[in-house]
Amino acid sequence: MKIEKAILAVITLNESKISGGAPIFICDDQKELESVAANLEAITDGIAHALGEELFIIVKH
Amino acid sequence: MNEYILPIVFGVTIGTIARIMMLRTDYRQYPTYLHGKTIHLCLGFIAASLGAVAVPAIMEMEFTAVTILTVAATQFRDVRNMERNTLTEVDGFELVPRGKTYIEGIAISFESRNYLVIFTAFFATLVFIIWNIYYAIIAAVLSLFIGRFLMSGSTIKDIVDIEHHPLHFDGAGLYVDNIYIMNIGLPERQEEILKYGMGFVLTPKNMNVVSTIANLGQRQAILHDVSVSLGVFSDSGTPALTPLIKRDLDDGRIGVFVLPQVREVNKAIKIIGAVPVLENAIRMPSKSKKHNKEEF
């Protein structure tokens, strides 16, 4: 089976809500969160999706 | 010089003219290059010759000569393959690809145009031999018109109503009207999209159209044509800036999200309207007997 979509990274402010497989980036504030997400988006050619205020994922489509 | 030379030359000429008429380079930019055109003109010439020569063969009771037309059919099926392969190869490097359905549609029309050329040449030669050149000219003009009519299909504006709707965000979700397009997380990306993006809603005019515009190939064709005509605000490595079309499952409307470089609403509506309806996307549920059977 060919995997077409994959979560490449998780970026969050709330450490308690996450665990598991994808690389996780924990940030201190919203500004850092957004800049990390923007950089990762550019680097991985993925899209930064927001699952909530504190939780972003980078998905390769 | 025998009696058939003139009719054959006439038929070949008319056939080749028919091919030239059908070979247009327009906004779809295909075939763009001179070599591509040369290939098609030569194949058109060959097709015309085949059509024209078939008539004297029949007149001379050489019926087996007509079997050469089957060779022609094989030959032109190869034309279709050739077009399909070329376009598929090139498609991978388009910012907004044409999509397989569109490519198939183009390839099919290249094949069928050669058959139209055979028909035109055959008809013109036949009339020339039976009557005279004056009738043949009339017949040629007639078949050129028939060819023109047969090669033109319907366009999107015939089957849907197109309306412009501004884009908006609900949280991270991008919407056109009430149709969800995608999730954009970064506020700066959202601003970019609101600034450069445009949204349109295509409302189907009847039930047949619902499945036609739901076809992924048809949707990709719309995106490709808009991006070709109006430019696209996107680059490799920016998947967030990808034009998309999503469907409203409730009523079959589709929401078109595009990022054109020329942001003129009326132009965009006209361009979406001019997108060809792909033959492979056409569905006719209304022709189904089960649908139309009256219930007692």
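Residues numbered from 1 in each chain as written. Chains lettered and ligands numbered in written order. Predicted model: local features only at pLDDT ≥ 70, side-chain atom pairs only at ≥ 80, totals over all residues. Heavy atoms only, no water.

S.K.: Would you mind showing me how to read empty space enclosed by the protein here?
M.R.: Which parts of space are left empty comes out when a probe the size of a water molecule is rolled across the atoms. Residue and element names in this part refer to chain B. Here the structure, examined in full by the defined rule, presents one cavity of 30 Å³ or more. Looking at the largest cavity, the residues that line it are Ala-18, Met-21, Met-22, Thr-120, Ser-143, Leu-144, Gly-147 and Arg-148. Here the lining of the largest cavity takes four residues from helix α5 (residues 133-151), the largest share from any one element. Along the lines of polarity and charge, the residues of the lining of the largest cavity split into four nonpolar, three polar and one charged. (1 Å grid on protein atoms, 1.4 Å probe; cavity = no way out; pocket = protein on both sides within 12 Å on 5 of 7 lines; lining within 4 Å. Points joined across faces, edges and corners; volume = space filled by probe spheres on them. Helix = DSSP H or I, 4+ residues; strand = E, 2+ residues; numbered from the N terminus. Nonpolar A, V, L, I, M, F, W, Y, C, P; charged D, E, K, R; others polar.)

S.K.: Explanation requested: the domain arrangement of chain B in the structure shown.
M.R.: All names here are of chain B. Segmentation of chain B into domains returns domain 1 (5-152) and domain 2 (157-283). Between the C-alpha centres of domain 1 and domain 2 there is a distance of 35 Å. If you look at the interface, domain 1 gives 13 residues, while domain 2 gives 20 residues. Both faces considered, domain 1 and domain 2 share a buried interface measuring about 1300 Å² in area, 64% of it formed by carbon and sulfur atoms. Where domain 1 meets domain 2, there are zero salt bridges. Taken together, domain 1 and domain 2 are joined by three residue pairs in polar contact (both at pLDDT 80 or more). Per-class residue counts for the side of domain 1 that touches domain 2 are six nonpolar, three polar and four charged. (Domains from an automatic or database assignment. Contact = heavy atoms within 4.5 Å. Buried area = accessible area lost by both parts, 1.4 Å probe. Salt bridge = Lys/Arg side-chain N within 4 Å of Asp/Glu carboxyl O. Polar contact = N/O pair within 3.5 Å; in protein donor to acceptor, adjacent residues only side chain to side chain.)

S.K.: Help me out: how do you make sense of the interface of chain B and chain A in this one?
M.R.: It is common to give the size of an interface as the accessible area that goes away when the parts come together. With eleven residues of chain B at the contact, the number on the chain A side is eleven residues. Carbon and sulfur atoms make up 60% of the surface buried where chain B meets chain A, a total of about 920 Å² over both sides. Considering only the surface of chain B that becomes buried against chain A, Asn183(B), Leu186(B) and Pro239(B) emerge as the three largest contributors, covering 49% of it. Summed over the shared surface of chain B and chain A, the result is one salt bridge. One salt bridge connects Arg189(B) with Glu41(A), and the closest N-O pair in it is separated by 2.7 Å. For the pair chain B and chain A, the number of links is four residue pairs in polar contact (both at pLDDT 80 or more).

S.K.: What exactly am I supposed to notice about the environment of His164(B) here?
M.R.: Residue and element names in this part refer to chain B. Along the chain, the position of His-164 falls in strand β1 (residues 160-164). For His-164, a relative accessible area of 33% gives the class partly exposed. In the structure, His-164 is positioned 100 residues away from Glu-264 in sequence and 11 Å away in space, judged by C-alpha atoms. (Buried < 20%, exposed > 50% of the residue type's maximum accessible area, 1.4 Å probe, protein only.)

S.K.: Could you clarify how one ought to interpret the packing of aromatic side chains in this entry?
M.R.: For any pair of aromatic rings, the description rests on two quantities: the centre-to-centre distance and the angle between the ring planes. All names here are of chain B. Enumeration over the complete set of coordinates arrives at six aromatic pairs over all chains. Considering the side-chain rings of Phe-76 and Tyr-115, the 6.0 Å spacing of their centres and the 90° angle between planes classify their relative orientation as edge-to-face. Residue Phe-76 is found in helix α3 (residues 68-91), and its partner Tyr-115 is found in helix α4 (residues 100-130); the two are separated by 39 residues along the sequence. Note on Phe-119 and Phe-123: the rings are 5.9 Å apart at their centroids and 5° apart in plane angle, and the pair reads as stacked. Separated by four residues within a single helix, Phe-119 and Phe-123 lie in helix α4, roughly one turn from each other. With a relative accessible area of 26%, Phe-123 lands in the partly exposed category. (Phe/Tyr/Trp six-rings, centres within 6.5 Å; stacked < 30°, edge-to-face > 60°.)

S.K.: Mind showing me how you'd approach the layout of surface pockets here?
M.R.: Empty space within the largest pocket amounts to approximately 1000 Å³. Along its surface, the largest pocket is lined by 34 residues, and His61(A), Pro239(B), Thr242(B), Pro243(B) and Leu244(B) are the ones closest to its centre. Elements that contribute at least two residues to the lining of the largest pocket include exactly β3 (47-52) of chain A together with β4 (179-183), α9 (216-230) and β6 (244-247) of chain B. By residue number, the principal contributor to the lining of the largest pocket is α9(B), which donates five residues. Counting contributing residues, the lining of the largest pocket receives three or more from each of domain 1 (5-152) and domain 2 (157-283) of chain B.

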